[in-house]
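Here is how the chains run, residue by residue.
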Amino acid sequence: MTIRTRLALIYFGAIVVTIGLVGILVWWQLRTALRSALDQTLETRAAAAVTGLENNGQSGLQEGDAAGPPGVFVVVLDERGQIVDATPGVPVGFLAPSADLTTADVVAGGSTYATHTVTADGGLRVVAGSDLTAISATLDRLAGSLVAVGAIAAIASLAGGWWIAGRALHPVALITAEASQIGAVDIERRLPVPSRNDELRALATTLNAMLDRVADAIRRQRTFVAAASHDLRTPIAALQAELELAEDARTTDEELRAAVRAAHGDAVRLGDLATGLLDLAAADADGRALVRSPVRADLLIESVVRRVAPVARERDVSLSRSAPGRLIRVDRLRLEQALTNLVVNAITYGPEHGEVGIKARFDDIAEPAPTETETLLTIEVLDRGRGVPAEFADRLFEPFHRGPNAAGGGTGLGLATAAAALKAHHGSIGYESRPDGGTRFWIRLPV
């Protein structure tokens, strides 16, 4: 069942219930008013007859008692319940109500009569009565009119609800039709935004924002695949050429050994690239789940220093570090990998015989609630290199992007892997130029 149908049926049901309740209330109020007026008339008529009996000292009705309201009769009963006197119009077979009842309905001649009884002096009872047929007919006509009007109103409400629901959901139909046309080949297409500032406009705006993020992810994925393909194509082509040279019977021993050495270098490069891609995928927030474990911050920094020590010795770079011995809970493998990439980057792009510093500290940040605080671990990697070129700043943490002064045979995945690891930790990464030369890289993460 469509939303339009459900809304129309809900509107129809609400109108039917409302009309039904109002109709019952109107019918009941009219019935109460008519019966109350009749009971008042009967009470007045009976009281007048009793007054006449008591004033005249007689046991029967006077001539003026017959000139009462139309449709009302009066009966005088003795102590035994026998009729002593009556006005015209008393129904055939009329039986007086019990002496204990002041107001009662009695049945006579196939009709129902409302009665009111008043006791007079000498044990006489005066009963005034009237046929209820007229009231019943009036109430029946009112009920029929209410049912007819209610049925018309209900049908009109169903049609109106269907039309209103269609008008209200028309923007949804447009959004649905447009959304069905959007695909990976048309990532710049967006949903129509209704002009009215309502929930549907908010929905369309939110979905368009989501499509922007999806389109951005697709563009980044395409760029990533293109860059990876480019980086893979060169060593694979070189490896293929070197293997063909080695296979050629005319190749000399010296040329064969050179081809094998070159093929080995290309194979190493391919292995490094595959490892970097796997590390990037694992470090991403959507990759391997975080495995947090307790570790001291100073021991974590010391482990990173041991891992990068061979690279530092090659360039005669000294490493300094300072970190408090405070326990933290992090994914040690990912965080060590991110720090290692940052430190190796600082050693590689810094001057030979220079120095790279690693400093860690803790900051307690107050949360919105006055009683809550969050502890942030900040680790800085300081070098004395030439800094980050301005034209490369926006793409520094994107995969496969290497600066114009890139050194070595890297794959351009180190900083991207570090950024992905910090994102998985709900942390952040950044850099800034140092006033006296060099670059300060920093990472911050809640611990």
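Okay, so let's go over this structure. It should be emphasised that the depicted structure is a prediction, and the values quoted were computed from it without experimental measurement.

### Considerations on the packing of helix H6 (residues 332-349) against helix H7 (residues 414-424)
Following both chains from N to C, one finds H6 and H7 inclined at 145°, their axes separated by 8 Å at the closest point. As H6 packs across H7, the resulting crossing turns out to be left-handed. Counting all contacts with H6, which are made through Arg-334, Gln-337, Ala-338, Asn-341, Leu-342 and Asn-345, the residues of H7 involved are Gly-414, Leu-415, Thr-417, Ala-418, Ala-421, Leu-422 and Ala-424. Grouping the amino acids of the contact of H6 with H7 by side-chain chemistry returns 7 nonpolar, 5 polar and 1 charged.

### Details of the packing of aromatic side chains
According to the stated counting rule, one finds 2 aromatic pairs in the structure shown. The ring of Phe-362 carries the charged tip of Arg-326 above its face, separated from the ring centre by 4.6 Å. When the ring centre of Trp-442 is taken as origin, the NZ or CZ atom of Arg-444, which lies over that ring, is 4.2 Å away.

### Notes on the pattern of salt bridges
If you walk through the whole model with that rule in mind, you get 15 salt bridges. Asp-298 is paired through a salt bridge with Arg-296; the nearest N and O atoms lie 2.7 Å apart. We note a salt bridge from Arg-315 to Glu-352, for which the minimum N-O separation is 3.9 Å. Residue Arg-315 is located in the loop between helix H5 (297-314) and strand S7 (318-322), and its partner Glu-352 is located in the loop between H6 and strand S9 (355-366); the two are separated by 37 residues in the primary sequence. Classification of Arg-315 as partly exposed rests on a relative accessible area of 22%.

### Re the sheet that holds strand S3 (residues 103-108)
An order of S2-S1-S5-S4-S3 is seen for the 5 strands of this open sheet, with the pairing classed as antiparallel. The open sheet is flanked by strand S2 (83-86) and S3, the only strands paired with a single partner. The sheet shows a mean angle of 30° between the axes of neighbouring strands, direction not considered. Note that strand S1 (residues 72-77) and strand S5 (residues 125-131) share 6 bridges and pair antiparallel. Its bridge partner being in S5, Val-74 is matched across the sheet by Ala-128.

### Quick notes on the pairing of strand S12 (residues 439-446)
Burial runs high along S12: 7 of the 8 residues are buried. Pairing analysis gives 6 bridges linking strand S11 (residues 428-433) to S12, with the strands arranged antiparallel. Bridge pairing links Ser-428 to Arg-444 in S12. Between S11 and S12, which pair antiparallel in sequence order, lie 5 residues; one of them, Gly-437, sits at a positive phi of approximately 105°.

### Quick notes on unusual backbone geometry
You will see that Asp-316, though not glycine, has its phi angle at about 55°, which is positive. Here Asp-316 shows up in the loop between H5 and S7. Among the residues examined, Asp-316 registers a relative accessible area of 46% and is labelled partly exposed. Although it is not a glycine, His-353 sits at a positive phi angle of roughly 60°. Structurally, His-353 is set in the loop between H6 and S9.

### A word on the packing of H5 against H6
Where H5 meets H6, the closest approach of the two axes is 9 Å, and the angle between their N-to-C directions is 40°. Compared by their axis directions, H5 and H6 come out oblique. Crossing hand, H5 versus H6: right-handed. On the side of H5, the interface is formed by Leu-299, Leu-300, Ile-301, Ser-303, Val-304, Arg-307, Val-308, Val-311 and Ala-312, while H6 contributes Arg-332, Leu-335, Glu-336, Gln-337, Leu-339, Thr-340, Val-343, Val-344 and Ile-347. Here the residues of the contact of H5 with H6 sort into 12 nonpolar, 3 polar and 3 charged.

### Some words on H5
The end-to-end C-alpha separation of H5 is 27 Å, in line with the 26 Å expected for 18 residues at 1.5 Å each. Most pronounced at Val-308, the bend in H5 amounts to some 50°, and the proline Pro-310 follows within four residues. Among the residues making up H5, those that are buried are Ala-297, Asp-298, Leu-300, Ile-301, Ser-303, Val-304, Val-305, Val-308, Ala-309 and Ala-312. Positive phi shows up at Asp-316, right after H5, with a value of about 55°.

### Digging into the nonpolar core
Counting residues in hydrophobic clusters, the biggest one holds 37 residues, and the most contacted among them are Leu-319, Leu-339, Val-343, Ile-347, Val-356, Ile-379 and Ile-443. Sorting the residues of this core by element identifies H5, strand S8 (327-330), H6, S9, strand S10 (373-382), H7 and S12 as the ones contributing at least two each. In this structure, Ile-379 is in contact with Ile-301, Leu-339, Ile-358, Lys-359, Ala-360, Phe-441, Trp-442 and Ile-443, ignoring residues within four places of it in sequence. Counting 17 residues, the second largest nonpolar core, distinct from the first, contains Leu-38, Ala-49, Leu-124 and Leu-132.

### Observations concerning the environment of Thr-439
The topology assignment puts Thr-439 in strand S12. Along the sequence, Thr-439 and Leu-382 sit 57 residues apart, while their C-alpha atoms lie 6.0 Å from each other. Ignoring any residue separated from it by four or fewer positions in sequence, one finds Thr-439 in contact with Val-381, Leu-382, Asp-383, Gly-387, Val-388, Tyr-431, Glu-432 and Arg-434.

### Some thoughts on empty space enclosed by the protein
Scanning all chains against the criterion turns up 1 cavity of 30 Å³ or more. In this structure, the largest cavity spans a volume of roughly 30 Å³. Residue lining of the largest cavity: Val-317, Ala-346, Ile-347, Gly-350, Pro-351, Gly-354, Glu-355, Val-356, Asp-383 and Arg-384, and that is the complete set. Classifying every residue of the lining of the largest cavity gives 5 nonpolar, 2 polar and 3 charged.

### Some points on a nonpolar patch on the surface
Together, Met-1, Leu-9 and Leu-158 make up a nonpolar patch on the protein surface, roughly 300 Å² of accessible area in all. Residue placement: Met-1 occurs in the segment before helix H1 (3-56).

### What about helix H2 (residues 133-179)?
In this model H2 runs 67 Å from its N-terminal to its C-terminal C-alpha over 47 residues, within 8% of the 69 Å that 1.5 Å per residue would give. Along H2, the largest kink reaches about 45° and is centred on Leu-169; proline Pro-171 follows within four residues of it. Of all the residues in H2, the buried ones are Ile-135, Leu-139, Leu-142, Gly-150, Ala-154, Ser-157, Gly-161, Ala-165, Gly-166, Pro-171 and Ile-175.

Cut-offs used in this document
Residue indices begin from 1 for each chain and proceed along its sequence in written order. For this predicted model, a pLDDT threshold of at least 70 governs which residues receive local features, and a threshold of 80 or more governs which side-chain atom pairs are given and counted, while totals over whole chains, interfaces and linings are taken from all residues. Side-chain descriptors were evaluated using all non-hydrogen atoms of the structure, hydrogens and water having been removed beforehand. Angles here are taken between N-to-C directions and fall from 0 to 180 degrees, while the axes themselves are lines fitted to C-alpha atoms, restricted in helices to the stretch in contact. Secondary structure counts use DSSP, requiring at least four H or I residues in a row for a helix and at least two E residues in a row for a strand, with both numbered from the N terminus. Crossing chirality is assigned from the near helix's rotation relative to the far helix, an anticlockwise turn below a right angle marking it left-handed and a clockwise turn marking it right-handed. We call two residues in contact when some of their heavy atoms are within 4.5 Å. Polar here means any residue other than Ala, Val, Leu, Ile, Met, Phe, Trp, Tyr, Cys and Pro, which are nonpolar, and Asp, Glu, Lys and Arg, which are charged; Gly is therefore polar. For Phe, Tyr and Trp, where Trp contributes only its six-membered ring, two rings pair if their centres lie within 6.5 Å, and the inter-plane angle classes them as stacked under 30 degrees, edge-to-face over 60, or tilted in between. In this scheme, the term charge over a ring applies when either NZ of a lysine or CZ of an arginine sits within 6 Å of the ring centre and within 35 degrees of the ring normal. Only one rule defines a salt bridge in this text: a Lys or Arg side-chain nitrogen within 4 Å of an Asp or Glu carboxyl oxygen. Only protein chains enter the calculation, and the probe is 1.4 Å; a residue is then buried if its accessible area is under 20% of its type maximum, exposed if over 50%, and partly exposed in between. Pairing between two strands is assigned when DSSP locates at least 2 bridges connecting them. Should an angle fall under 35 degrees it is taken as roughly parallel, and over 145 as roughly antiparallel, whereas 65 to 115 is taken as roughly perpendicular and any remaining angle as oblique. One less than the number of residues in a helix, times 1.5 Å, gives the span that helix is expected to have. Note that the bend at a residue is defined as the angle between axes fitted to the seven residues ending at it and the seven residues starting at it. Put simply, a nonpolar core is a bunch of buried Ala, Val, Leu, Ile, Met, Phe, Trp, Tyr and Cys residues held in one set by side-chain atoms that sit within 4.5 Å of each other. Of the grid points, spaced at 1 Å and generated over the protein atoms alone, those admitting a 1.4 Å probe that cannot get out make up cavities, while open sets with protein on both sides within 12 Å along at least five of seven lines make up pockets; any residue with an atom within 4 Å of a point is treated as lining. Grid points are joined across faces, edges and corners, and a volume is the space filled by probe spheres set on the points. Here the term patch refers to residues with relative accessible area over 30% and no salt bridge, with like charges joined within 9 Å and nonpolar side chains (Val, Leu, Ile, Met, Phe, Trp, Tyr) within 5 Å. Accessible areas in this description were obtained via Shrake-Rupley with a 1.4 Å probe; residue shielding takes into account the shown protein chains only.

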